[in-house]
Amino acid sequence: SVGGIAFIGGYIKIIDSTIFHQLITKKLHHLEFDRDFTARQVENGYNRLPLLVIEGRIRNSFENSDNVEKIQLKAFAFDSENRIISSHFTFAGNVLTNEQLQEFSPMDITRMRRSEDIRIHSPSAFTSNKEHSLNTSLKKQGVPFQLVFLKSVQNIKRTSLQIVSYVRNNKIIFVRSPDLQ
């Protein structure tokens, strides 16, 4: 959807009124994906199948006073004919180590990926506590996210990711997403 204003015959016409309303009321989403994503395969020893793991970071550009947490993402995997073959929800900040991805059962990986108890499951990585909150990490270096595709890994040719919702200043915000690309 393209938003903008067109000058037609002496009148101003709003092409997409919802986007225009967001612009004038300053209600834009200030969460964005930071840099490129990385992708790798990890063999899961529990079921001896490969997992496709995609990682990246989300950056927050809201004002300093805004507290942002519980960023929910939806991931899609497509085959060579551009059909969706897998999709799932996850929360930014839930990141498993290679060892955990290799050892945990697919059910445990799915459970941890969907947990709202945001934490990075690595001793050397950021952990959420009062001194070092998710919001502080969002401001400074971004919050990592990890997508783990458990099925049909060999058939995945392309992936897509959307921010679905987040909590900002104790209010849940749902992100209007454009058509899946």
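Since the model is a prediction, treat every value here as computed from it, not as a measurement.

**What to know about the overall build of the chain**
For the chain, the helix and strand inventory stands at 4 helices and 11 strands. Long-range pairs, those at least 24 residues apart, make up 65% of the contacts in the chain between residues at least 6 apart in sequence. Per element, the accessible surface of the chain, about 11200 Å² overall, is 51% carbon and sulfur.

**A short note on the sheet that holds strand 4 (residues 49-60)**
Spatially, the 3 strands line up as an open sheet ordered 3-4-9, and their pairing is antiparallel. Edge strands, defined here as strands with exactly one partner in the open sheet, are strand 3 (31-44) and strand 9 (143-149). Pairwise comparison of adjacent strand axes, ignoring direction, gives a mean angle of 20 degrees for this sheet. As paired strands, strand 3 and strand 4 are joined by 11 bridges and run antiparallel to one another.

**A short note on the packing of aromatic side chains**
Summed over the entire model, instances satisfying the criterion amount to 3 aromatic pairs. Residues F37 and F145 carry aromatic rings whose centres are separated by 5.3 Å and whose planes lie at 90 degrees to one another, so their mutual orientation is edge-to-face. Remark: F145 occurs in strand 9 and F37 occurs in strand 3; sequence separation between them is 108 residues. Using a relative accessible area of 37% as the deciding quantity, one classes F37 as partly exposed. On the accessibility criterion, F145 (1% relative accessible area) is buried. Aromatic ring contacts, followed pair by pair, group F33, F37 and F145 into a single cluster. When the ring centre of F78 is taken as origin, the NZ or CZ atom of R158, which lies over that ring, is 4.1 Å away.

**Things to note about unusual backbone geometry**
A positive phi angle, close to 50 degrees, is found at S152, a residue other than glycine. Here S152 shows up in the loop between strand 9 and strand 10 (158-168). The backbone phi angle of N170 is positive, close to 65 degrees, even though this residue is not glycine. Given a relative accessible area of 67%, N170 falls into the exposed group.

**Description of the pattern of salt bridges**
Scanning all chains against the criterion turns up 6 salt bridges. The salt bridge involving E55 is made with R40; its shortest N-O contact spans 2.8 Å. Taken together, the residues span a long stretch of sequence, with E55 in strand 4 and R40 in strand 3 at a distance of 15 residues. We classify R40 as partly exposed; its relative accessible area is 25%. If you follow the salt bridges from partner to partner, you end up with E32, D34 and R59 in one network.

**Side note on the sheet that holds strand 10**
Spatially, 4 strands are ordered 6-5-10-11 in an open sheet, and the strand pairing comes out antiparallel. With one partner strand each, in any of the chains shown, strand 6 (84-91) and strand 11 (171-174) form the two edges of the open sheet. Pairs of neighbouring strands in the sheet enclose a mean axial angle of 20 degrees, with direction left out of account. Where strand 5 (residues 68-78) lies against strand 6, 7 bridges are found, and the strand directions are antiparallel. Paired with A75 across the strands is H88, a residue of strand 6.

Criteria and cut-off values
- Residues numbered from 1 in each chain as written.
- Predicted model: local features only at pLDDT ≥ 70, side-chain atom pairs only at ≥ 80, totals over all residues.
- Heavy atoms only, no water.
- Helix = DSSP H or I, 4+ residues; strand = E, 2+ residues; numbered from the N terminus.
- Contact = heavy atoms within 4.5 Å.
- Areas by Shrake-Rupley, 256 points an atom, 1.4 Å probe, with all protein chains shown as cover.
- Pairing = 2+ DSSP bridges.
- Axes fitted to C-alpha atoms, helices over the stretch in contact; angles between N-to-C directions.
- Phe/Tyr/Trp six-rings, centres within 6.5 Å; stacked < 30°, edge-to-face > 60°.
- Buried < 20%, exposed > 50% of the residue type's maximum accessible area, 1.4 Å probe, protein only.
- Lys NZ or Arg CZ within 6 Å of the ring centre and 35° of its normal.
- Salt bridge = Lys/Arg side-chain N within 4 Å of Asp/Glu carboxyl O.

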